[in-house]
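Structure assessment
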Amino acid sequence: MGEVSFVDVSKRFSLRVDGELHHVQALDRVSFTVRDGEIVALIGPSGCGKTTALRVAMGLDPASGGRVTVDGREVQGCGHDRGMVFQHAELLPWLSAMQNVMFGLEMKGMRGAPLRETAQKYLDLVGLASSQNRRPHQLSGGMKQRVGIARALAIDPKVLLMDEPFGALDAQTRESMQAELLEIHARTKKTILFVTHDLDEAVMIADRIVVMHEGRVQEIVDVPLTRPRADLSIVRGLPEFNDTRYKIWRMLHATQTVH
Amino acid sequence: MVDVAQNQSKTAAPPDPAERRPLPRWAITLASVVCVLVLWEIFGRQINPVFGSYPSAIAVAFWELLRSGELWSALAESLQPFFVGYGLAIVIGVPVGLVIGRFRTAEAALGIYVTAGYAMPLVALVPLLILWLGLGFKVKVAVVFLMSLFPICINTWLGVTAVPKTLIEVGKSFVASDVVILRRIILPATLPYIMAGIRLAVGRAVVAMVIAEFFTTISGLGAVIINSANNFDTATMFVPIIILMLMAVGLNGLIGWVEHRVAPWQAEIAGRDRE
């Protein structure tokens, strides 16, 4: 099981700009549910609150109002039921790929032989078995993020939370990582909530897309594409793909031209 | 075809001058030292031996000190308190710096003493320390400790504040405790700063040791300096000075080596690992 619910989640920030105190309503009564095994994308222009929503779900930032639940249990701080994949992977630079994956597991209390075996298993899953002893600076951007995904998956969370995981990668690497994520999802059946600003990526990967604007949920769009979507080149040619993409593009565009 | 021909002629020809290996670092340093010594010898000989000295005279004085056993006992008298004081400064300065950098309350409560202590005119306090601790081992340890503690502490503190927030969030996301975050994320991320602080402290610790011995003047290399200066024996005076400088250079190299062992990723990231 792994169902994430946002119930009326609000988040206010106060920040001082040139000596003046500003209040920012980053999230305004956000409600939606990610069903078990589902992939949901949070999309919207920068500053719309999508990353804040993810951080609240992870427990890195507390909500100012409302609550996030995972399988009915209210989120209070970080927990092993959620695995976070960071925007720039954020691997610990002094540890090898293997040790980075082991770090998460050790924090979960795993010791001895199972520790290495589990880390190995997840490095295999992301296709990095041959580079396991390299340190982060010896890995390419895509490989780093694979380690980041392995580290999050290894603790066997109910939900994978991903913050623009492929945003910093070049176009080709990004596409192969998207295909790989779909494959990993097919194998692990994890619930995934991921933040992106890339419309194609959202449509390609997600079952549903939550379009956000100025801290509010503007619309929740179903993606009418069946799984598996193994061959991305075929998916891209489907009319459903292009229709959904166009539909959301217009939503984003309509709100953006207001500015 | 042209490419192939060019490649072949390249491999057959003697190595391109541009591809020749550059002089190793140690060779350049050695050449530089030899030049300075030669110049010093030439010009030093023209000066009245009370006002200056030169390498060969210093070497003779060194041999005299060595033979009489004075040098060994002075070295032992100096190095024991040096390493105790310097070691204590590392053992205490690093954890204190980590805690000050990590916790707001500790920073607000203790940071001011560390910043002020760094600028403390220690020389002025040595007479007072002598009143408290006497003229021997203890006062030397105290002076060396106080001089080297603050650079180590401040550097560690600054290092902690420079740790990227996201790395700490990685720890939090995996539910690491504060202690685990401090030990397994902040400490390694701060290591380059800590090592820089320890390096900076070497010079200060050496100076501190000599200052302490100037005031006590009964033992150690500092006493050798003061006593030979009072006897207008300038060549002998230079012996401990040069030994101390060489010691600082040696310690610096040793610390660099240790840094490379405990934080190899740092040199790799900076691209310094091939030298």
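Residues numbered from 1 in each chain as written. Chains lettered and ligands numbered in written order. Predicted model: local features only at pLDDT ≥ 70, side-chain atom pairs only at ≥ 80, totals over all residues.

Concerning the overall build of chain B
Where we set the bar: By the criteria applied, helices consist of DSSP H or I runs no shorter than four residues and strands consist of E runs no shorter than two, each listed in order from the N terminus. Computation of the radius of gyration draws on C-alpha atoms, with the globule rule given as 2.2 Å multiplied by the number of residues to the power 0.38. Comment: burial labels come from other C-beta atoms within 10 Å of the residue's own C-beta, placed from the backbone, where a count of 20 or more is buried, 12 or fewer is exposed, and between is partly exposed. This entry defines residue contacts through backbone-placed C-beta atoms, with two residues in contact when those atoms are within 7 Å.
The secondary structure content of chain B amounts to twelve helices and zero strands. When its helices and strands are written in sequence order, chain B yields α-α-α-α-α-α-α-α-α-α-α-α. Taken against the 2.2 N^0.38 rule, which gives 19 Å for 275 residues, the C-alpha radius of gyration of chain B at 25 Å runs more than 25% over that of a compact globule. For chain B, the spread of C-alpha atoms along the three principal axes comes to 75 × 65 × 25 Å. Counting only residues that meet the buried cut, chain B has 32% of its 275 residues in that class. Sequence-distant contacts in chain B: of pairs separated by 6 or more residues, those separated by 24 or more amount to 74%.

Some details on the pairing of strand E8 (residues 191–196) of chain A
Side-chain direction in a regular strand flips from residue to residue, so the side chains alternate between the two faces of the sheet. All names here are of chain A. The condition that has to hold: When DSSP finds two or more bridges between two strands, those strands count as paired.
Burial of E8 is extensive: six of the six residues sit out of reach of the surface. Here E8 shows no split at all, with Thr191, Leu193 and Val195 on one side and Ile192, Phe194 and Thr196 on the other all buried. Relative to E8, strand E3 (residues 39–43) is paired through five bridges, and the arrangement is parallel. Bridge assignment links Val40 to a residue of E8, and that residue is Leu193.

Some words on the sheet that holds strand E6 (residues 82–85) of chain A
Residues and elements named next belong to chain A. To keep things clear, this is the line we draw: In this analysis, axes come from line fits to C-alpha atoms, helices being fitted only over the stretch in contact, and the angle between any two N-to-C directions falls in the range 0 to 180 degrees.
The mixed open sheet is built from six strands, whose spatial order is E6-E7-E8-E3-E9-E10. The sheet is open, and its two edges are formed by E6 and strand E10 (216–222), each paired on a single side. Between one strand axis and the next, the sheet turns by 20° as a mean value, whatever way the strands run.

A short note on the interface of chain B and chain A
Each partner contributes residues to the interface: chain B has 15 residues there, and chain A has 17 residues. Going through the elements one at a time, helix H8 (165–173), helix H9 (178–216) and helix H12 (264–270) of chain B are the ones with two or more residues in the side of chain B that touches chain A. Examining the composition of the side of chain B that touches chain A, we find that six residues originate from one element, H8(B), more than from any other.

Brief notes about the environment of A:Asp61
Residues and elements named next belong to chain A. Counting through the fold element by element, Asp61 comes out in the loop between helix H1 (50–58) and strand E4 (65–70). Remark: the alpha-carbon pair of Asp61 and Asp81, spanning 20 residues in sequence, is separated by 16 Å. Non-local contacts of Asp61, meaning those with residues more than four positions away in its chain, are made with Lys11, Thr52, Arg55 and Val56.

Some words on the domain arrangement of chain B
The figure often quoted for interface size is the accessible area lost as the parts come together. Test applied: Segment limits for the domains were obtained from an automatic or database-derived domain assignment.
Domain boundaries assigned for chain B yield domain 1 (2–41) and domain 2 (56–270). For domain 1 of chain B and domain 2 of chain B, the distance between their C-alpha centroids amounts to 38 Å.

Comments concerning helix H2 (residues 25–44) of chain B
Rules: How far a helix is expected to stretch is found by multiplying one less than its residue total by 1.5 Å.
If you check H2(B), its first and last C-alpha atoms are 28 Å apart, about what 20 residues at 1.5 Å a residue would give, namely 28 Å. For H2(B), a buried count of one out of 20 residues is recorded, marking the element as mostly open to its surroundings.

Comments concerning the packing of helix H2 (residues 97–107) of chain A against helix H4 (residues 141–154) of chain A
Residues and elements named next belong to chain A. The condition that has to hold: When an angle is under 35 degrees it counts as roughly parallel; over 145 it counts as roughly antiparallel; between 65 and 115 it counts as roughly perpendicular; any other value is oblique. The crossing is said to be left-handed when, going from far helix to near helix, the turn is anticlockwise and less than a right angle, and right-handed when the turn is clockwise. Three categories are distinguished: nonpolar for Ala, Val, Leu, Ile, Met, Phe, Trp, Tyr, Cys and Pro, charged for Asp, Glu, Lys and Arg, and polar for the others, with Gly belonging to the last.
For the pair H2 and H4, interaxial distance at closest approach is 8 Å and the crossing angle is 30°. Judged by the angle between their axes, H2 and H4 are roughly parallel. Here H2 runs over H4; the crossing is right-handed. Touching Ala97, Asn100, Val101, Gly104 and Leu105 of H2 are Val147, Ala150, Arg151 and Ala154, all from H4. Within the contact of H2 with H4, the residues separate by chemical class into six nonpolar, two polar and one charged.

Some remarks on the confidence of the model for chain B
Residue and element names in this part refer to chain B. Formally: A score from 0 to 100, pLDDT tells how confident the predictor is in each residue.
On average, residues of chain B score 87 in pLDDT, and 91% of them are at 70 or above. Segment residues 1–12: pLDDT under 50, and zero contacts once partners within four positions in sequence are set aside and those in other chains are kept. The ipTM value of the predicted complex is 0.89, and its pTM value is 0.81.

Comments concerning the packing of H9(B) against helix H11 (residues 234–262) of chain B
A pair of packed helices can be characterised by two numbers: the angle between their axes and the separation between those axes. Residue and element names in this part refer to chain B. One way to put it is that H9 packs onto H11 with a least axis distance of 10 Å and a crossing angle of 165°. When the axis of H9 is compared with that of H11, the two are roughly antiparallel. Like other packed secondary-structure pairs, H9 and H11 cross with a definite hand, here right-handed. Residues Leu191, Met195, Ile198, Arg199, Val202, Gly203, Val206 and Val210 of H9 form the contact with H11, whose participating residues are Leu244, Met247, Ala248, Leu251, Asn252, Ile255, Glu259 and Val262. Residue classes in the contact of H9 with H11 are distributed as twelve nonpolar, two polar and two charged.

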